[in-house]
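Each chain, written out:
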Amino acid sequence: MKDIIQVKNISFNYSGQPLLFDGLSLDVHEGEWLALIGQNGSGKSTLARLIDGLNVLKKGQIFVDGLLVSDQNVFDIRNKIGMVFQNPEDQFVGATVEDDVAFGLENRQIDREKMHQLVKTSLENVNMWEFRDRIPANLSGGQKQRVAIAGIVALSPKIIILDEATSMLDPQGRQDILDLVRQLKEKNHLTVISITHDIDEAASADRVIVINKGQKIDEDIPGKIFSNTEQLARIGLDAPYTAQLIAALKRRHFDLDKEYLDREGLIAWIKQLVSTK
Amino acid sequence: MTNFLFGRYLPGNSWIHQMSPQSKLLLSFYFVIVIFFANNLVSYGVLALLIIVVILLSGVSITFFLKGIRPLIWLIIFTVGLQILFSSGGTILWQWGPFSITNLSLINGGFIFIRFLLIIMISTVLTLTTTPLAIADGVQTILKPLKRVHFPVDTLALMLSIALRFVPTLMDEMETILNAQRSRGVDFGSGSLTHRVKAAVPLLVPLFTGAINHAENLSTAMEARGFTDSEHRSKYRIYRWQLKDTLSWIVFLVAGGLVLYLRK
Amino acid sequence: MDKAISFNQVTHTYQANTPYAQNALDNISLEIPTNSFTAIIGHTGSGKSTLVQHINALLKPTQGSVTVYNRSITPTTTNKNLKELRRHVGMVFQFPEKQLFEETVIKDIMFGPKNYGMVDAEAEQAAIEAMKLVGLDKSLSEKSPFDLSGGQMRRVAIAGVLAMKPEVLILDEPTAGLDPRGHKEIMDLASYLHDHDHITIILVTHQMDDVVNYASEVVVMDKGKIVQTGTPAEVFADPKWVYRMQLNLPTSAEFAQQLIDAGVPIGQLPLTIDQLADRITELARKGENPDD
């Protein structure tokens, strides 16, 4: 599999603060859904900003789809990456839904006819076309995030980075956004990086990287990562629900040689457990 | 506050709503100038009639409209009152120390009252029927000639539209902060002047901190979405001059001519 | 049981008599007992925040009356009488860190108590206690609140409310945006204040797991009306109804439902992880000894 993003031995600190990353390396495979998990302040959001060229590295290199992230390439890089940020309010630039989706297109000087066409199809893609005249004050957080996603889709990027994009939404809004991104990923063959501390969101990723205090401390498929419940607890993250239930059953003296199963797996195991032997 | 209409937008699809923002802006400006040429009852009557037609065409109910501008009328009455008391000339009807009321000052006061009222009415119609974004775009179109002298028209328009877009956000935030500090025992709007100024600190500090946070996040998001500078962008919206604009201009010009003809 | 708070046919209309008019609360009657832990749930826009702002007299009813510890708020109550009422009701807003403004942490926490008449020494004592309660280290007291991390700022804000020693504490989605550890710390704090200091807690939340793990009473709102009140078990008894209200089930109930759909005879829906584990244990023992 091709690595669409390569982070090579990077160091970075915000001015006047100690090093946040010191020699961090990691890869993102093309077409995967990668979850980047860690506590607040672990550096995961900063990493996203470095990949998008929003902050400048101190040492090391980052390549996005073969391009080195640098001052010269930064606009080509940003054509390949769409970012959805945490606060729905602070990424809504346009006065209305339509204008907001158009913002990125205007920046790239797309001509008007094509722009109108792209705005319409992108908003239809996220089911927000009927809200095109609304001002942000009359939208819910989830709807604003949909608009943000439409603004990204309009530019047909290769990579979408969700920077805690669902953490300020209610559970319904959260699920809606994740379903939407999943659907877009399949349709447009995207690579998705989701930065999150919601463990159940991470559970549905193809691969998980655990960041703690600026270091990559683990990287594996979700099943393996979540089996290590001690490590999760140590860095202040919850175990996924199924792992918690398994632990509760073990306290009741059931024998299960695994720490983690996905929902289907656990349901099958319980089914077998309660059926008459 | 809740009935206050000045500066608000009411969605609709009326004749006035459909006019291009640049011509609405220029017409309002023109109307205000004409107001200062009117100087007798007949000429004011022409303008009053015109504004009533405009309100009718905007699809806003007249009673609702009048209720909405009522809070401002007290302000006008206060100003006009001062004007009457301090002006001189004509027959003195009442006098007390430096204050006097004369027949001329009464008439003048009446006219000033009508002027204020007309100005408020036309600007309320403008904001009621034009989205903030359209106003920003209208300003941009009107100022376009200034680009030749390197005046940053596009930057100004983008700043204006983002500022207007964040007005409701900041109003919401202000409301929340007001409430949070109220429940921490702050009494806004009562007590002595120093007390009131002091009470503003717990409101203003969080409000500014919040605004700065928004600005930082917003600029990151704009950059991530490919923004470099406001001069090298294409435009999604264009407000074209329409037949409605031409017709409105003809009516307004005729009314203006009439005012010039009828004034003393 | 004593009632701390009661709503008597309360209607609240935003921007009454304008084309913008909106009924946010529609003829609400409700009683919240003293020393209860009440969760208020409902999908976004159902009127939860409007409801709790009445308890703190930040909003006055358009019709009807609200009574808080024998002080009543009616449409004609003047603003002067509200301050006395507010000192008994602490309110933690969503993202409360936005209300911080003082130069130092300790000054910010002392702000509320001083407004309600405590002298400096008293207020400082109350602030020190509150810092301890929320788990803020003493060494932070002279720092600027704006130099702290997001999670610490939130705790400063909560301490600022607790230092006023309220009898009722309203928490409006207090854990929004926090990571799991921060979330658990805040919820455990609420639970401690309820059990140990006998404070009446009112929690507005979207997290159904918090409802079943912490609350004793639940109020469900929809379109400005109260559509259900009861214990968590009563409220979550009918999953179809819960979904119709655009709400979620607690994770354990949702998982139990999946087990039922897969043919495991769980029976009545368990609400917490321990209830579900107990139920599975029971079923497994039966499986081993079919004669039972």
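Residues numbered from 1 in each chain as written. Chains lettered and ligands numbered in written order. Predicted model: local features only at pLDDT ≥ 70, side-chain atom pairs only at ≥ 80, totals over all residues. Heavy atoms only, no water.

**Here's the deal with the interface of chain A and chain B**
A common way to report how large an interface is uses the accessible area buried once the components associate.
Working step 1: Counting from both sides, the interface comprises 34 residues of chain A and, opposite them, 27 residues of chain B.
Working step 2: Both sides together, the interface formed by chain A and chain B hides about 2,800 Å², and carbon and sulfur atoms give 51% of it.
Working step 3: At the junction of chain A and chain B, the tally comes to six salt bridges.
Working step 4: A salt bridge links Arg78 of chain A to Glu223 of chain B, with the shortest nitrogen-to-oxygen separation between them at 3.3 Å.
Working step 5: Going through the elements one at a time, helix H2 (74-80), helix H3 (97-107) and helix H4 (112-125) of chain A are the ones with two or more residues in the side of chain A that touches chain B.
Working step 6: The biggest single contributor to the side of chain A that touches chain B is H3 of chain A, with ten residues.
Working step 7: Within the side of chain A that touches chain B, the residues separate by chemical class into 15 nonpolar, eight polar and eleven charged. (Contact = heavy atoms within 4.5 Å. Buried area = accessible area lost by both parts, 1.4 Å probe. Salt bridge = Lys/Arg side-chain N within 4 Å of Asp/Glu carboxyl O. Helix = DSSP H or I, 4+ residues; strand = E, 2+ residues; numbered from the N terminus. Nonpolar A, V, L, I, M, F, W, Y, C, P; charged D, E, K, R; others polar.)

**Observations concerning unusual backbone geometry**
Working step 1: The phi torsion at His150 of chain B lies on the positive side, around 60°, for a residue other than glycine.
Working step 2: Mapped onto the elements of the fold, His150 of chain B is located in the loop between helix H6 (132-143) and helix H7 (153-183).
Working step 3: With a relative accessible area of 72%, His150 of chain B lands in the exposed category.
Working step 4: Of note in the backbone geometry, Asn27 of chain C takes a positive phi value of approximately 55° without being a glycine.
Working step 5: You can see Asn27 of chain C is positioned in strand E2 (residues 22-33).
Working step 6: Exposure remark for Asn27 of chain C: the relative accessible area of 46% places this residue in the partly exposed category. (Buried < 20%, exposed > 50% of the residue type's maximum accessible area, 1.4 Å probe, protein only.)

**Side note on the UniProt feature "transmembrane region" (unreviewed entry) in chain B**
Residues and elements named next belong to chain B.
Working step 1: Summarizing the sequence annotation, UniProt attributes the feature "transmembrane region" (unreviewed entry) to residues 25-42, 48-66, 73-94, 106-128 and 246-262 in the numbering used throughout.
Working step 2: The span residues 73-94 is 64% helix and 14% strand, and its two end C-alpha atoms sit 25 Å from each other.
Working step 3: End C-alpha atoms of residues 106-128 are separated by 33 Å, and the span's content is 100% helix alongside 0% strand. (UniProt positions renumbered as here; feature names shortened; annotations may be inferred.)

**Looking at the interface of chain A and chain C**
Working step 1: Chain A puts 32 residues into the contact, and the matching count from chain C is 30 residues.
Working step 2: For the pair chain A and chain C, the two sides together bury roughly 2,900 Å², of which 61% comes from carbon and sulfur.
Working step 3: The interface formed by chain A and chain C holds four salt bridges in total.
Working step 4: Ionic pairing is found between Arg251 of chain A and Asp274 of chain C, a salt bridge with its closest N-O pair at 4.0 Å.

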